[in-house]
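Here's the letter readout for the chains.
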Amino acid sequence: MASALHVVLYHHTRVPVDRYGGIERIVVWLGRALIALGHRVTLIAPPGSAIDGATLVPIDPAITHRPGGVDLRPYLPPGMDILHAHAPLARPPAVPFVWTFHGNLAPDHGFPANTIAISRDHAARHGIARWVYNGLDPAEYQFAGAKKDFDLFLGRLHSVKGWQWAVEGAQRARHPIVIAGGWRPVLRRGVRMVGKVGGAEKRALLADAACLWMPAQWDEPFGLTTIEAMVSGTPVLGTRRGALPEIVTPDAGLLGDTLDELVDLRPALAALDPEAIRARVLHHFTHHIMAARYLEVYREILSEPIGAR
């Protein structure tokens, strides 16, 4: 097997994105890191998609959004080594492939052997054998050691993300809070709604916030926002749900089970060192670390007998 691989990445929506879009960011960061490590990358995605250094094979988004997924066989380039899908496929292609599952499904759903989860907890809950942590490109974020006087919630304004807990908790802890990720009518003093954010605005909010509230009300498969805050030197205050205890260690944030606990823990975040918080990401959750782990999985798959893939 050649040392350099030709990896085909597939995602069903356009990449990159300017604002909301966690999976899209992961695909771009993974492709970027694979290329930096000397591998060839082809991206199958809707027109307008791009990863610097990768070859784009455009696919009609009307096809990719069909129920049950898409048949990628007509789009696969010659000479490829492995396909890495980040969205469901209609049928297994006749090439070595893996699929990273980014969501949550019923425990009895069942997954093929080539499925990859995104945390230890995520894999255990879904009966998936392999898992690879998400990683980000630290160069896309800014670090601030001195924080401003506001807390932050960044994410979809859905009940499972716990944004209502973030509002109530910050108010009880007597801290103003910025809510980014959508719009909801919140008429409370000290609560500022800024809608969906991206680019420099998002980087500044993550770096300047005194803490990121992550009071998840579901089992987070990973929680990308946590490492975005941490690489910015910002501590995380969250619940012990899903992968969060794997990602947020005591040097990077604090976790509780109830809103009362989170409110009681809030003052202790001021003692955490922003440099140590950032170091947690640099040592465990960069895009290069993610790519290296995926390469291990690719080589495991490629070394298996054809019938076992």
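Scroll up for the structure.
Residues numbered from 1 in each chain as written. Predicted model: local features only at pLDDT ≥ 70, side-chain atom pairs only at ≥ 80, totals over all residues. Heavy atoms only, no water.

### A short note on the sheet that holds strand 7 (residues 130-131)
Across a sheet, paired strands are connected by hydrogen bonds in the backbone, their directions being either parallel or antiparallel. What counts here: Two strands pair under a simple rule: DSSP has to find at least two bridges between them. In this description a helix means any DSSP run of H or I spanning at least four residues, a strand means any run of E spanning at least two, and both kinds are numbered starting from the N terminus. Here, residues are in contact when the closest pair of their heavy atoms is within 4.5 Å. Helix axes are fitted only over the stretch in contact, all axes being lines through C-alpha atoms; the angle between N-to-C directions runs from 0 to 180 degrees.
One open sheet holds the 7 strands; their spatial order is 3-2-1-4-5-6-7, and the pairing between them is parallel. Every other strand in the sheet has two partners, leaving strand 3 (55-58) and strand 7 as the edge strands with one partner each. Pairing geometry for strand 4 (residues 82-85) and strand 5 (residues 97-100), over 3 bridges, is parallel. Looking at strand 5, one finds that L83 is bridged to F97. Where helix 10 (residues 287-303) meets the sheet, its contacts fall on strand 1 (6-10), strand 4, strand 5, strand 6 (115-117) and strand 7, and the angle it forms with strand 5 comes to roughly 140 degrees.

### Section: helix 10
The α-helix advances 3.6 residues per turn, and as a result positions three or four apart in sequence lie on the same side. Heads up, the rule is: The span one expects for a helix is its residue count, reduced by one, times 1.5 Å. Think of it in three bands: with a 1.4 Å probe and only protein chains considered, a residue is buried below 20% of the maximum accessible area for its type, exposed above 50%, and partly exposed in between. The arc in question is formed by the directions pointing from the helix axis toward the C-beta atoms.
Taking 1.5 Å per residue as the helical rise, helix 10 with its 17 residues ought to reach 24 Å, and the 24 Å between its terminal C-alpha atoms agrees with that figure. For helix 10, the full list of buried residues reads H287, M290, A291, Y294, L295, V297, Y298, I301 and L302. Buried residues along helix 10 cover an arc of 165 degrees about the axis, so they all sit on one side.

### Looking at the side chain of R280
Spelled out, the test is: For the charge count, each Lys or Arg is scored as positive and each Asp or Glu as negative, with His and the chain ends excluded. What makes a salt bridge here is a side-chain nitrogen of Lys or Arg within 4 Å of a carboxyl oxygen of Asp or Glu, nothing more. Any pair of N or O atoms that falls within 3.5 Å is considered a polar contact. Within protein, one atom must be able to donate a hydrogen and the other to accept it, and sequence-neighbouring residues count only if both atoms are side-chain atoms.
Relative to the elements of secondary structure, R280 occurs in helix 9 (residues 274-284). Although R280 is buried, it makes no salt bridge; D251 carries the closest opposite charge, 5.1 Å away. Here the side chain of R280 touches T249 through a polar contact of 3.3 Å, side chain to side chain. In this structure, R280 is in contact with M230, E246, I247, T249, D251, A252 and F285, ignoring residues within four places of it in sequence.

### Let's talk about the pattern of salt bridges
Enumeration over the complete set of coordinates arrives at 18 salt bridges. Put simply, D208 and K148 hold a salt bridge, and the shortest N to O gap is 3.5 Å. Taken as a pair, D208 in helix 5 (residues 199-208) and K148 in the loop between strand 7 and strand 8 (151-154) lie far apart in primary sequence, 60 residues in all. The closest approach of N and O atoms between R240 and D257, which form a salt bridge, is 2.8 Å. Here R240 is found in the loop between strand 12 (236-239) and helix 7 (244-247), whereas its partner D257 is found in the loop between strand 13 (253-256) and helix 8 (259-265), with 17 residues between them in sequence. What makes R240 partly exposed here is its relative accessible area of 42%. Its relative accessible area of 46% is what places D257 among the partly exposed residues. The structure contains a network of salt bridges with shared partners spanning R130, R293, E296 and E300.

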